[in-house]
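Architecture and fold: a report
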Amino acid sequence: MRDLKHLNWFENLLQEANNALIAQAKQEGKICVAFVCENTPEPLMNLGNAFGIRLHAPNTGSMDIATYYMTSFLCETSRALLERAIEGGFNFADCVIAPDGCTMINRCVENMELLKTMGEGNDKFFHEFMEIPLKADENGVELLVLQCKNHILKPLSENYGIDVSDAAVRKAVEEHNRVCRVITEIGNFRKEARPRITGYEFHVLTLATYVMPQYLIIDKLEETLEEIKTREPEDREYRARIAVVGSEVDDSGFIKLIEETGAYVCADRFCFGSLPGREQIEIREGESALTAVARHYLSTSECPRFMNKEKQVQRRSYLKQLVNDYDADGILYLQMKFCEYWSYERVMGVHDMNEVEGIPCIGVEKEYTMASAGQLRTRFQAFVESIEIKKLQGGKM
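In this report, the structure presented in the accompanying data block is examined.

About the cut-offs
Residues numbered from 1 in each chain as written. Predicted model: local features only at pLDDT ≥ 70, side-chain atom pairs only at ≥ 80, totals over all residues. Heavy atoms only, no water. Helix = DSSP H or I, 4+ residues; strand = E, 2+ residues; numbered from the N terminus. Rg over C-alpha atoms; globule rule 2.2 N^0.38 Å. Buried < 20%, exposed > 50% of the residue type's maximum accessible area, 1.4 Å probe, protein only. Contact = heavy atoms within 4.5 Å. Areas by Shrake-Rupley, 256 points an atom, 1.4 Å probe, with all protein chains shown as cover. Axes fitted to C-alpha atoms, helices over the stretch in contact; angles between N-to-C directions. Parallel < 35°, antiparallel > 145°, perpendicular 65-115°, else oblique. Left-handed = near helix turned anticlockwise from the far one by under 90°. Pairing = 2+ DSSP bridges. Core = buried A, V, L, I, M, F, W, Y, C linked by side-chain atoms within 4.5 Å.

**A short note on the overall build of the protein chain**
If you tally the helices and strands in the protein chain, you get 14 helices and eight strands. Against the compact-globule benchmark of 21 Å for 397 residues, the protein chain has a radius of gyration of 20 Å, which places it among compact chains. Within the protein chain, the proportion of its 397 residues that are buried is 60%. Looking at the protein chain alone, contacts between residues at least 24 apart form 73% of all its contacts between residues at least 6 apart. Entry remark: accessible area of the protein chain is about 16,500 Å², with carbon and sulfur atoms responsible for 47%.

The following block contains the structure:
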C-alpha cells in the first residue's frame, strides 16, 4: 500500500511527550490539562481555552530515580511517568488531574506533587485527585458528576477562568465526537478481509488523539480518512487476525512487533486504544451534558478496576462481540508489568476465552520500555503458528 501522507508527521510528533503541537497550543495562550488515566472524562479536559493531553513517556530509558521513590514492584507505566516528570519532560502542563483508577498511578502523581516536578513559576498550577465510582449505576453517575464538578470544572474555572457552563460542555462533547467519528470510521476499515490500513498505522493515528491537541490534528485526521477511502489494499493474506486487549499501549512499536510476525492487529481494546475510548458520547433529551459524559464513561468503561459481576460479564461479552465484528482469529491479553488489575483480568480472561469460549488466547506481560522485545516476538510467532495449526486441524489449542 502507498504510504499515508501524514503518517510520518504523526510518527515524528509521537517521539516526544512535549511535542511541537503542544508548544504551538501553549504559544497560542491555551491551558494544558494533563491527565493520566482513561477513566478521566476527556471532553472536560478540552473546555473553552483548555486542551487535554494524556501523559506518556516515549523513548524511556532508565527509571532508577522513580524506582527509588516508588519501589521496583510498582507498575512500570507509573514509574516511567514519574521519571519523565522528574526530568522536566512535563513542564508544559498547567495542571494534572488524576483519578483513583489504581493506587499506583495515584502514587505516581502524588510523588509528582511532592517533588514539585511541574508548575514552576505558575502560581495557578494545581493537582487534583478524583474518586471514580466502582459501579455504573445511577448513584455512580451522580458521584462522578460531583467529582467532575469539584476536581475538574471548579479548579479550571477558578484558576484559569475556563468556561464550564453546560453550553461549553456540550460544545466540547461535539468536538470530541468529531474526533471519535473519524477514528471510528478509519477503524472500521480493519473489518475488511483485505484491510486498507495496518494495525500499526491505526494505532499511530489513535495515539495521536490522546497526546496531541485535538484541534490541531483533526484536519489531518479527516484528510487521512479520505485518503484511506481510495487506498488500494495489499494483495496478501495475513497469517492471523489478532484482537489486542489489556493495559497501556502508548508505544506503536508494540503493535508493529506483533504485525512483523505476519499477524494483523484488527482490534485495540486497551488503554490508549479506540475501543471503547473513541466511541461517541450521546446526550439524552433533557439531560445535562455533564451527566451524559459521566454516564458514558461509567457505562462504556472496560477497565478491570470495575470488579462487580455485571461489569465482568460485560467485559467478556464486549470482547466476544469484538471478535465477531472484526473477524479475529485470536486474542492477545497484555498486562503492563506489575499492573494489579490487569494481572487478575489477564489470567481470568485467558482461561475464559480458551476454555469456555473456545477462542485462541494468549496472555503476555509487557515492560514499558520494550526491553523484552525478542522474547515477545518469539511468543507472538508461536501463538500465530498455533492459530494456523488450529485452522488446519479444526482442533482446540
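**A short note on the environment of L55**
Considering the arrangement of structural elements, one finds L55 in the loop between β2 (50–54) and α3 (64–70). Relative accessible area serves as the criterion here: at 3%, L55 is assigned to the buried category.

**Looking at the packing of helix α12 (residues 309–325) against helix α13 (residues 340–356)**
Interaxial distance between α12 and α13 falls to 12 Å at its minimum, and their mutual angle equals 55°. Between α12 and α13, the angle is such that the two are oblique. α12 and α13 meet at a crossing whose hand is right-handed. Together, R315, R316, L319 and K320 of α12 and E345, M348, G349, D352 and M353 of α13 make up the contact between the two elements.

**Some points on the sheet that holds strand β5 (residues 240–246)**
Within the open sheet, the four strands sit side by side as β6-β5-β7-β8. Their pairing is parallel. With partners counted over all chains shown, the strands left at the sheet margins are β6 (263–270) and β8 (361–366), one partner each. With direction set aside, neighbouring strand axes in the sheet form an average angle of 25°. One ladder, built from five bridges, connects β5 with strand β7 (residues 330–336); its direction is parallel. Bridging across to β7, V245 finds its partner in Y333. Each of β5, β6, β7 and β8 is contacted by helix α10 (residues 252–259), which is oriented at about 145° to β6, the strand it contacts most. Here α12 sits on the sheet and contacts β5, β6 and β7; the angle it forms with β7, its principal contact strand, is near 130°.

**Structural notes on the nonpolar core**
Counting 105 residues, the largest nonpolar core has M112, F254 and L332 as its most contacted members. Counting residues per element, this core draws most heavily on helix α8 (residues 199–211), which supplies eight residues. Each residue touching M112, except ones within four places of it in the same chain, is listed here: L55, L81, L82, A85, F90, T117, M118 and H127. Listed in part, the 34 residues of the second largest apolar core include F35, V141, V173 and A289.

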